[in-house]
Structures are given as C-alpha cells and as structure tokens.
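The primary structure of each chain is shown beneath.
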Amino acid sequence: MPRFFEPNSPWKKNNFDLKFLWVVTVAITALFTAASNILICLAVWKDPNKNLRKKPSNVLIFSQAIADFFVGIIQNPLGIWWLVTFSNSAAFSIEVVGSLFMIVSIFHVVALAFDRHVAIVTPLEYSWKITKSRTKQVCVALWIYSALYMLIRTLFLVFKLPIVVNVLSGLHTVLPSFVCTLIYIRVLLVICSYRKSIGNLDESGKLVMNAYARQKQFTKATIVAFLLFVFCVTPWFVLYQIIDACPTCEDNKSLEMYLFAAFYFLFMCKSALNPFLYAWRLPKFRSALRQLIKRNRIGPRAPQYRFSSKHLKTCNPKRMAEKYSNTASHSATNQYLRRISSPTEQS
C-alpha cells in the first residue's frame, strides 16, 4: 500500500483540511452510483418491453451494472470510512475490494469489446457466435477469476511483497486495456471501410450493411465507455504504482495526498457514469425505464381472467358474466364474453 496508508503518517493529522467535503462528495456519488445501476438491473431483469433480455450484450451490461452497484454500496462507503477515521483497516479493505471490482470492470470492458468486434466485423455471424448462454458463462467465469485474483493479490499484500503486487496489478490492467485498444482500432477501420464501399455493394454487401446499421449505435456507446474507462482509471493506477518510488513526494505530502484522493474519486466516478454510457443513452433502455415507472405509478393491476378454448366452448357466457360481475374487470370481461359468444348466437 502507499506509505500514506501507514499508521501515524504525518499528513493524516495535518494535511487533509477538506476531508469532510470529500466525505459529502463521495456519499453523494455512492447514492448516485447505486441508484443508477440498480435501475439498469431492474430494466434488464423485468424487461417490460420484452426486448432487452434477447440481446447477449445486455447480459454483459447487466453483469457490469451489478459490479458498479456494489462499488456504490461497498467500495464508496469504505472510502468514507477511511476519510473519516484514517483507519489502516479501512485502507486495507479498500485495497481488497477495489482490486475485485476493478478487475471485474476491466474484464467486462474486454468482453464488450470482443462482442462489438464480432458484431461489426462479421455481423451476419453474430447471432450464432454470440449467444445468451455463452455470454452468461463468460460472465460467471469473469466473476470467478476476479475473485481468485483478489484472493491471490491479498495474500501478497499480507506477506508484504509490493513488487509482486505491482506486477500482478499491471498485468491485469495494462494488458487488457492494450487488447481493447487493438480491438477497437480494428472495429473503427472496418467501419471506415464500410462507409467507403457503401455505394458499390452487391446483395450480400447490403445484408452486411443492414446488420452493421443495427449494431452501430451500441458500438459507438461501448467505444465512448472504453475511452471514459481509460480516462478514469489511468491517473489513479499510475500514481498508485509510482508514489512509493517518487523521491520528491516526501517534500510534497499535501500535494500527493490531494492527487491521490482526486484520482481515486475519478476512478469511482466510472461506476456512476457507466449506466449513462452503456444504457440510458440507448432508446430501448429509456423505454424500459419509462414502462417501469408507469407501472409503479398505476399501482396493482386489476385481475385478468384467461380461458382456454376448450373452456370457452363448454361454458355459458351469461353465467360467466354473472360469476365475475363483482370483480374489478366486470365490463372488460362482459365485452370479451359477448364478443366470443356472438357467432354462436348469430348461427
């Protein structure tokens, strides 16, 4: 851990005058992060319009939203605990929990990049290469591997092997980010080639362009989200790696402390902004949210009665109307039964 996490560091008592302002800011961010991500989970889980759970990429967004939700209810409160008490236990907890959610987030970014690569480069093969069952298996594997990474990294921290910790962290952050960069460069090159050849397409080329057009909007959202991820994570990660090796930082404790706090807050903001980049800027997610809000406003719905075709043939419509005359759906039931019984009466 950085040296200012150690007990009795001088800056803890003298150099962090605005800690309560930071506490309020982190608390607001935590509430915002938890609320925005739980709405994503509800929109996909409830799926009022029946069109979100069909796409494998939305399974990845759902899993990413779960990770970001836990950042809001676990990691951010741990940051508040550390700011208020400067407890070494709080710092160690941030180390452990932060490593889990950071690696989960990175791997989801890589998975979404691969999903978009298949969708853009080979759009006609997307439906059978990327399926819901495979995507669910990938999400489970990501969480299991991230938990193992957290456990191994924590053991290295306990045994005080900082060099091994830094190397392990670098391999699990720099390498996936580099892979994502290469994937999105490839995607952008393919998009440019599509635009250049749009006027000289045969029938198969038009099918490819139509498939690409369906994937274009979400692909742009994932590229923007990846750029935001790099912007939010890089400053904190670089400072964390070099802060103990900085020869002049001893003379600038206040500056190093504020930089670390600002960069760590920027890192946590990623989880608050992900829902808007991945989901809420897309029409299907906004429509699902509106439907969920309307259902809650309307309240419980009146009971609906469904009858099989065999039942409708043998029942007496008049008796059925009398049976349900005291229910909330009295008029709707009578209209439905009259409509069904009208051909019989005419014959």
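Note that this is a predicted model, so its numbers are computed, not measured.

Q: What exactly am I supposed to notice about the environment of L83 here?
A: Within the element layout of this structure, L83 appears in helix α3 (residues 56-85). On a C-alpha basis, the gap between L83 and W22 in space is 7.7 Å, while along the polypeptide they are 61 residues apart.

Q: Could you clarify how one ought to interpret a positive patch on the surface in this entry?
A: Together, R195, K216, K220, R281, R286, R290 and K294 make up a region of like positive charge exposed at the surface. For the positive patch, the secondary-structure elements that each account for two or more residues are α9 (203-242) and α11 (283-298). For the positive patch, the leading source of residues is α11, giving three residues. Along the chain, R286 turns up in helix α11.

Q: I keep staring at the packing of aromatic side chains and nothing clicks. Help me out?
A: Two numbers describe a pair of aromatic rings. These are the distance of the centres and the angle of the planes. Going through the model one piece at a time under the given rule, you end up with 10 aromatic pairs. With centroids separated by 6.2 Å and ring planes inclined at 70°, the aromatic side chains of W22 and F265 adopt a geometry described as edge-to-face. Within this pair, whereas W22 is found in helix α2 (residues 19-46), its partner F265 is found in helix α10 (residues 253-280), the two being separated by 243 residues in sequence. What makes W22 buried here is its relative accessible area of 18%.

Q: Mind showing me how you'd approach the side chain of Q64 here?
A: Within the secondary structure, Q64 sits in helix α3. A relative accessible area of 2% places Q64 in the buried class. Ignoring anything within four residues of it in the chain, the contact list for Q64 reads S105, H108, N274 and Y278.

Q: Looking at this structure, how should I read α3?
A: Residues separated by three or four positions in an α-helix point in the same direction, a consequence of the helix having 3.6 residues per turn. For α3, with 30 residues, the first-to-last C-alpha span of 43 Å sits near the 44 Å given by 1.5 Å per residue. Along its length, α3 shows its largest kink, about 40°, at V71. Positive backbone phi, approximately 55°, marks F86, located one or two places after α3.

Q: Mind showing me how you'd approach empty space enclosed by the protein here?
A: The method is simple in principle: a probe with the dimensions of a water molecule rolls over the atoms, and the space it marks as empty is what remains. One pass over the full model with this rule turns up four cavities of 30 Å³ or more. When its volume is computed, the largest cavity comes out at roughly 200 Å³. Lining the largest cavity are 19 residues, and of these E95, S99, R153, W236 and Y240 sit closest to its centre. Among the elements that take part in the lining of the largest cavity, helix α4 (residues 88-121) stands out by supplying six residues, more than any other. Looking at side-chain class alone, the lining of the largest cavity contains 11 nonpolar, six polar and two charged residues.

Q: So what exactly am I meant to see when it comes to a nonpolar patch on the surface here?
A: A contiguous nonpolar patch, built from L151, L155, V158, F159, L161 and V164 and spanning about 550 Å² of accessible area, is present on the exposed surface. It is helix α6 (residues 132-158) that provides the largest number of residues to the nonpolar patch, a total of three residues. For F159, the location among the structural elements is in the loop between α6 and α7 (162-171). For F159, a relative accessible area of 61% translates into the label exposed.

Q: Is there a simple way to explain the pattern of salt bridges in this structure?
A: Close approach of charged atoms allows side chains of opposite charge to pair. As enumerated under the stated definition, the model contains three salt bridges in all. A salt bridge links R153 to E95; its shortest N-O distance comes to 3.1 Å. With R153 in helix α6 and E95 in helix α4, this pair connects stretches of sequence that are 58 residues apart. For the pair formed by R153 and E95, the shared burial category is buried. Here D115 and R116 are joined by a salt bridge, their closest N and O atoms 2.6 Å apart. The class of D115 is buried, set by a relative accessible area of 2%. With relative accessibility at 0%, the residue R116 sits in the buried group.

Cut-offs applied
- Residue indices begin from 1 for each chain and proceed along its sequence in written order.
- Local features in this predicted model are restricted to residues of pLDDT 70 or higher, and side-chain atom pairs are both shown and tallied only at a pLDDT of 80 or more, whereas totals for entire chains, interfaces and linings draw on every residue.
- To obtain the side-chain values, all non-hydrogen atoms of the structure were used and water was disregarded.
- Segments assigned H or I by DSSP are reported as helices when at least four residues long, segments assigned E as strands when at least two residues long, and all are numbered from the N terminus.
- What makes a patch is a set of residues exposed beyond 30% relative accessible area and free of salt bridges, joined within 9 Å when like-charged and within 5 Å when nonpolar (Val, Leu, Ile, Met, Phe, Trp, Tyr).
- A 1.4 Å probe and the Shrake-Rupley method give the accessible areas. Residues count as covered only by the protein chains that appear here.
- When a carboxyl oxygen of Asp or Glu lies within 4 Å of a side-chain nitrogen of Lys or Arg, that pair is called a salt bridge.
- Residues scored as charged are limited to Lys and Arg (positive) and Asp and Glu (negative), so that His and the chain ends carry no count.
- Charged side chains are reduced to one point each, which is NZ for Lys, CZ for Arg, CG for Asp and CD for Glu.
- Whether two aromatic rings pair depends on their centres lying within 6.5 Å, for rings of Phe, Tyr and Trp, where Trp uses its six-membered ring; planes under 30 degrees apart make the pair stacked, over 60 edge-to-face, and the rest tilted.
- In this scheme, a residue with accessible area under 20% of its type's maximum is buried, one over 50% is exposed, and one in between is partly exposed, where area comes from a 1.4 Å probe on protein chains only.
- Pairs of residues are marked as contacts when any of their non-hydrogen atoms sit within 4.5 Å.
- Working rule for helices: expected span equals 1.5 Å times residues minus one.
- Bend angle per residue: angle between axes fitted to the 7 residues ending at that residue and the 7 residues starting there.
- Whether a set of points on the 1 Å grid over the protein atoms alone is a cavity depends on a 1.4 Å probe fitting there but being unable to get out, while an open set qualifies as a pocket with protein on both sides within 12 Å along at least five of seven lines; lining residues are those with an atom within 4 Å of a point.
- Grid points are joined across faces, edges and corners, and a volume is the space filled by probe spheres set on the points.
- When residues are grouped by polarity, Ala, Val, Leu, Ile, Met, Phe, Trp, Tyr, Cys and Pro land in nonpolar, Asp, Glu, Lys and Arg in charged, and all others, Gly among them, in polar.

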